[in-house]
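Listed below are the residues making up each chain.
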Amino acid sequence: MLDLKSVNFDRILKRYDIQMESKESPEELAARMVPKDPTLRKVAEDVVFMRYKTVNDNVIAALKEYSPEDVIERGLIKGMDVVGELYGRGIYYLPHVMVAADAMDKGVKLCESKMKGVRETRGKVVMHVAEGDPHDIGKNIAAVLLKSNGYTVVDMGRDVAIADVVTTVEHEKPHIVTGTALMTTTMSAFPKIADKLQAKGVNIPFICAGGAVNRAYVESYPLGVFAAKAIQGPVLANKIVDGYDWRKLRENWDKLTAVKE
Ligand code: B12
């Protein structure tokens, strides 16, 4: 007969994932991850706590102190980083993420309205999110920044078929094509697009971004140039219209993307 009195239940049947999750509440995690500056903190917290009713007022307040680009990069995106962490830990579920994404979207639109428009176009960019991928927040931010820096953007949206990207590039004849992938199941569209473009004699840089990809992956296929942040879009684009091809962008990548935090 098993003597249960001698069994220490604390040492068995332990769900380490649940133990980890319960360690930090969303409030504690947010307090650790959001910016220290009180104005930007409120903006980031509006995204974390899905306060789409207050996000407008807090973004307007932040825009009095910071540029629209900073409010996006240092406020709204920091909030979405926390949401991503909470989702990854199983504390937030998809509905939370969707409402947080709505709050983020409201904030980005407000920032966009405050960006200076540039009349003359510097160049044309075709943008898309990879086939099968619905994650378009980063692509939308990158589009806002490119437009505010004088680029004409042909935004193909999300979940775009490989063949459509290739046809649009052939038709629009842009200086740059971009792709965003946040899922490991969708990023494999990029090398296929690059191969098809090259086969048609198109050699423009293909800026690829999103949580699923990294620099090594993007540089493993022709045309690919990695971007870690939306703010790097205009920096790379300016060099492209100045005559840098994808090889030269790769060679100078570290120098070009060394932007302030
Ligand atoms: C928001 C979100 C959603 C939203 C998307 C809303 C939207 N309109 O985008 C919703 C709720 C719809 C969603 C759905 C799903 N999601 Co989701 N989602 C996220 C979350 C929490 C945040 C993503 C995000 O917007 N980040 C903020 C933006 C700003 O980051 P970003 O896009 O990377 O952009 C930055 C850079 O990459 C760069 N950038 C991006 N594009 C470009 C372009 C250019 C030109 C340049 C220069 C730069 C640039 O600039 C930005 C920063 O400055 C992530 C978690 C995470 N940690 O990423 C999961 C995550 C991406 N989702 C995930 C999953 C699995 C799903 C679902 C499949 C879940 C499910 N079981 O149904 C579904 C998709 C179903 C489908 N196929 O339709 C996984 C993917 C895992 C993987 N590796 O494959 C993640 C990583 C969560 C996780 N930890 O598991 N999701």
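Nothing here was measured: the structure is a model prediction, and the numbers come from that model.

Visitor: For this particular structure, what's the right way to read the layout of surface pockets?
Guide: Remark: the empty space left among the atoms is shown by a probe the size of a water molecule rolled over them. Space inside the largest pocket adds up to approximately 1400 Å³. Lining the largest pocket are 49 residues, and of these D136, I137, G138, K139 and L182 sit closest to its centre. Considering only residue class, the lining of the largest pocket consists of 26 nonpolar, 10 polar and 13 charged. In this structure, the lining of the largest pocket is formed jointly by two domains, domain 1 (24-114) and domain 2 (123-256), each of which donates at least three residues.

Visitor: What should I look at first to understand the environment of D70 in this one?
Guide: Counting through the fold element by element, D70 comes out in helix α5 (residues 68-88). Among the residues examined, D70 registers a relative accessible area of 12% and is labelled buried. Remark: the alpha-carbon pair of D70 and A30, spanning 40 residues in sequence, is separated by 19 Å.

Visitor: Looking at this model, I keep getting lost on the domain arrangement of the protein chain. Mind explaining?
Guide: Often the size quoted for an interface is simply the accessible area lost on bringing the parts together. By domain assignment, the protein chain separates into domain 1 (24-114) and domain 2 (123-256). Taken over C-alpha atoms, the centre of domain 1 sits 26 Å from the centre of domain 2. Each partner contributes to the interface: domain 1 provides 9 residues, whereas domain 2 provides 9 residues. Roughly 770 Å² is buried in total at the junction of domain 1 and domain 2, and carbon and sulfur atoms are behind 74% of that figure. Its largest share of buried area at the contact with domain 2, domain 1 owes to E69, E73 and E112, together 54% of the area lost on that side. Seen at the junction of domain 1 and domain 2, the total is 1 salt bridge. Viewed at the interface, domain 2 and domain 1 are joined by 0 residue pairs in polar contact (both at pLDDT 80 or more). Secondary-structure elements contributing two or more residues to the side of domain 1 that touches domain 2 are α5 and α6 (94-114). Examining the composition of the side of domain 1 that touches domain 2, we find that 5 residues originate from one element, α5, more than from any other. Grouping the amino acids of the side of domain 1 that touches domain 2 by side-chain chemistry returns 6 nonpolar, no polar and 3 charged.

Visitor: Looking at this structure, how should I read the coordination of the cobalt atom of the ligand?
Guide: Octahedral metals with six donors have ideal donor angles of 90 or 180 degrees. Tetrahedral metals with four donors have an ideal donor angle of 109.5 degrees. Protein coordination of the cobalt atom of the ligand rests on one atom only, H135 (NE2), at 2.3 Å. As for its placement among the helices and strands, H135 is situated in the loop between β1 (123-129) and α7 (137-148).

Visitor: How do you make sense of the site of the ligand when you look at a structure like this?
Guide: Surrounding the ligand, one finds 31 residues, the nearest of these being H135, D136, T180, T184 and A230. In this structure, G138 approaches the ligand through a main-chain N or O atom, which is 3.4 Å from an oxygen atom. Applying the majority rule of atoms within 2 Å of the grid points places the ligand in the largest pocket. Of all the secondary-structure elements, those providing two or more residues to the shell around the ligand are α5, α6, α7 and β3 (176-180). It is α5 that provides the largest number of residues to the shell around the ligand, a total of 5 residues. Of the residues contributing to the shell around the ligand, the split by class is 16 nonpolar, 10 polar and 5 charged. Both domain 1 (24-114) and domain 2 (123-256) contribute no fewer than three residues apiece to the shell around the ligand.

Reading the values: the criteria
- Residues numbered from 1 in each chain as written.
- Predicted model: local features only at pLDDT ≥ 70, side-chain atom pairs only at ≥ 80, totals over all residues.
- Heavy atoms only, no water.
- 1 Å grid on protein atoms, 1.4 Å probe; cavity = no way out; pocket = protein on both sides within 12 Å on 5 of 7 lines; lining within 4 Å.
- Points joined across faces, edges and corners; volume = space filled by probe spheres on them.
- Nonpolar A, V, L, I, M, F, W, Y, C, P; charged D, E, K, R; others polar.
- Domains from an automatic or database assignment.
- Helix = DSSP H or I, 4+ residues; strand = E, 2+ residues; numbered from the N terminus.
- Buried < 20%, exposed > 50% of the residue type's maximum accessible area, 1.4 Å probe, protein only.
- Contact = heavy atoms within 4.5 Å.
- Buried area = accessible area lost by both parts, 1.4 Å probe.
- Salt bridge = Lys/Arg side-chain N within 4 Å of Asp/Glu carboxyl O.
- Polar contact = N/O pair within 3.5 Å; in protein donor to acceptor, adjacent residues only side chain to side chain.
- Donors = N, O, S within 2.8 Å, 3.2 Å for Na, K, Ca; no water.
- Near = heavy atom within 4 Å.
- Sits in = over half its atoms within 2 Å of the grid points.

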